[in-house]
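If you want the building blocks of each chain, they are given just below.
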Amino acid sequence: MWFRFRVELGFLTTVGRSARDNSLRVTPHSRVPSPSFSTKHVQLDKYEVRKEGYSFILTSQRMGCIFCQQPPLHKPPKHCRLSHGGPCSPCSKLKALEFRTSRVKQKFLEAQKTMTDLVKQHQDLKAQINRVHDPIIKRLPPEIISSIFQFRVRHIPFDTKASYDSSVEPIWAYITAPLILGAVCRGWRNIAWSTPGLWKSILARLNSPNLPWHIDFIRAWLDRSGGLPLVVRVYCDKQPKLFEAVGAMASVINRQSSRWQILDLLLPSNIMSLFCGGLQSGSILRSIRLEPSDGGVNGNSFKMWNVIPKPAKVFMSSMRYKSIVIEWGNVTWVQQGYRSTRDCLLNA
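What comes next is a walk through the structure. Note that this is a predicted model, so its numbers are computed, not measured. (Residues numbered from 1 in each chain as written. Predicted model: local features only at pLDDT ≥ 70, side-chain atom pairs only at ≥ 80, totals over all residues. Heavy atoms only, no water.)

## Let's talk about the overall build of the protein chain
Phase 1: The helix and strand tally for the protein chain stands at 10 helices and 11 strands.
Phase 2: A sequence separation of at least 24 residues applies to 61% of the contacts in the protein chain between residues at least 6 apart.
Phase 3: When the accessible surface of the protein chain is totalled, it reaches about 21600 Å², and 57% of it is carbon and sulfur. (Helix = DSSP H or I, 4+ residues; strand = E, 2+ residues; numbered from the N terminus. Contact = heavy atoms within 4.5 Å. Areas by Shrake-Rupley, 256 points an atom, 1.4 Å probe, with all protein chains shown as cover.)

Below you can see the structure in the form of C-alpha cells.
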C-alpha cells in the first residue's frame, strides 16, 4: 500500500508516524502539492487521507468501542426481499447479531451500575470500620476532638521579613494541616470540615496553572471558616496569565474583607489594587503587609472601599506612605523596605 501511495505522489516524500493517533504524515520533498491529491479529503484503502499544507495526513480507521463509539459499519437495506420475498441469509444474521449486541450492551450498562453501587457500599463499609476501630472517635465526643484538631493546626503568622528573606514554601505546612486531618477517614473529615477554627488561614497563589480550580477551593475553604477572623495571604511572583480568573479570585476574597485580621499581599503592582475589600463598612484589620513583587515599577496603592482600616502593624516595601490609605494614627509598628530614610521623609 505504501509503495503504491508513493508512486501516486510522483516524487520523493518523507513519512513520519504518530504513535498518539496512529497517523502518518507524508511530506513531499519538492514542497509542491501533488496533482493526484487536489481534493482536501479522499479515501485510500483503510486510511483516511487529509491534506494539510504541503503534507498529507493518513489516519487509520480503527474499530471503535461499541459502547462508547459506534463503529462505521455499512447499513444494509431496511427491507431486504432477496430470498423469496424475505431477507437474505446475511441480512438475517446481521439483524440477529444486532439484537444480541443490544442485549450485551444493556447487560454491560447494568453491570456498570451494579459495580458503582458495590463500590459505594465498599466505601460505606470502610467508613463504618474506621468509625468502630477509631480509638479517638469511639471514646471522645466531637467537641473534644475538634479542640484537639485546633491545637494541631497552626495559623499563618504575620511575616515581618522581606520577600528575599522569607519563603512561601513553609507556609504550605500551615495550609495542608487541616487537609491532612480530613484525609484520615470520613469521621475525621466530618469533624474537621465542621470546625471553623481550622480554616482561618488562607493562602492564594494567583499564578497557579490551575487557577479556576483554585478559586473553587478557596471559596469552599472560606465557607468552612464560618464567621471567624481571617489571615489572608495572596502572592504572585510574576504576572499571571489568567487575568479573568485573577479578578474572580480577588472578588471571592474581597467579599470577606470585613473578616480580614491579617492581610499579606505579595503581588505585581497592577494586581494589588484589586484587593480593595467589598461593600462591607466594618474592618478588623490589625496587621497589613504590602510588597509589590515587581518592585513597584508600575506604581502601586492600597485603598479599601467604604472603610479606612486601622492596623497596628504595617510592613510596606517600595510604596509611598500616601499611597496606603489607612488610619496611620493607630499604627504602633511599621517597617519600610527598599527605601532610604530620605525617601521616607520626602514621600511622607
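Read on, since the account is not over.
## A word on the pairing of strand β7 (residues 230-235)
Phase 1: Counting buried residues in β7 gives six out of six residues, a clear majority hidden from the surface.
Phase 2: Where burial is concerned, the two faces of β7 agree: the one with Leu230, Val232 and Val234 and the one with Val231, Arg233 and Tyr235 are both buried.
Phase 3: Tracing the backbone out of strand β6 (residues 201-205), into helix α7 (residues 211-224) and back to the parallel element β7 gives a crossover that is right-handed.
Phase 4: Pairing analysis gives six bridges linking β7 to strand β8 (residues 260-267), with the strands arranged parallel. In the strand pairing of β8, valine 231 is matched with isoleucine 262.
Phase 5: Each parallel crossover has a hand, and for β7 linked through helix α8 (residues 243-254) to β8 it is right-handed. (Buried < 20%, exposed > 50% of the residue type's maximum accessible area, 1.4 Å probe, protein only. Right-handed = clockwise from strand over helix to strand, strands pointing away. Pairing = 2+ DSSP bridges.)

## Things to note about the packing of aromatic side chains
Geometry of an aromatic ring pair is reported as the spacing of the ring centres plus the angle between the planes.
Phase 1: For the coordinates displayed, the defined rule picks out six aromatic pairs.
Phase 2: Between the aromatic rings of phenylalanine 149 and tryptophan 188, the centroid separation amounts to 5.3 Å while the plane-to-plane angle is 50 degrees, which identifies the pairing as tilted. Of this pair, phenylalanine 149 sits in helix α4 (residues 142-152) while tryptophan 188 sits in helix α6 (residues 186-193), and the two are 39 residues apart along the sequence. No difference in accessibility class separates phenylalanine 149 from tryptophan 188, as the two residues are buried.
Phase 3: Ring geometry for tryptophan 193 against tryptophan 199: centres 5.1 Å apart, planes inclined by 75 degrees, an arrangement best described as edge-to-face.
Phase 4: Residue classification places tryptophan 193 among the partly exposed positions, given a relative accessible area of 30%.
Phase 5: When its relative accessible area of 0% is taken as the criterion, tryptophan 199 is described as buried.
Phase 6: Aromatic rings pair up to connect Trp193, Trp199, Trp213, Phe217 and Trp221 into one cluster.
Phase 7: Over the aromatic face of tryptophan 199 sits the side chain of arginine 224, whose NZ or CZ is 4.7 Å from the ring centroid.
Phase 8: Seen from the ring of phenylalanine 315, arginine 289 lies directly overhead, with NZ or CZ sitting 4.2 Å from the centre. (Phe/Tyr/Trp six-rings, centres within 6.5 Å; stacked < 30°, edge-to-face > 60°. Lys NZ or Arg CZ within 6 Å of the ring centre and 35° of its normal.)

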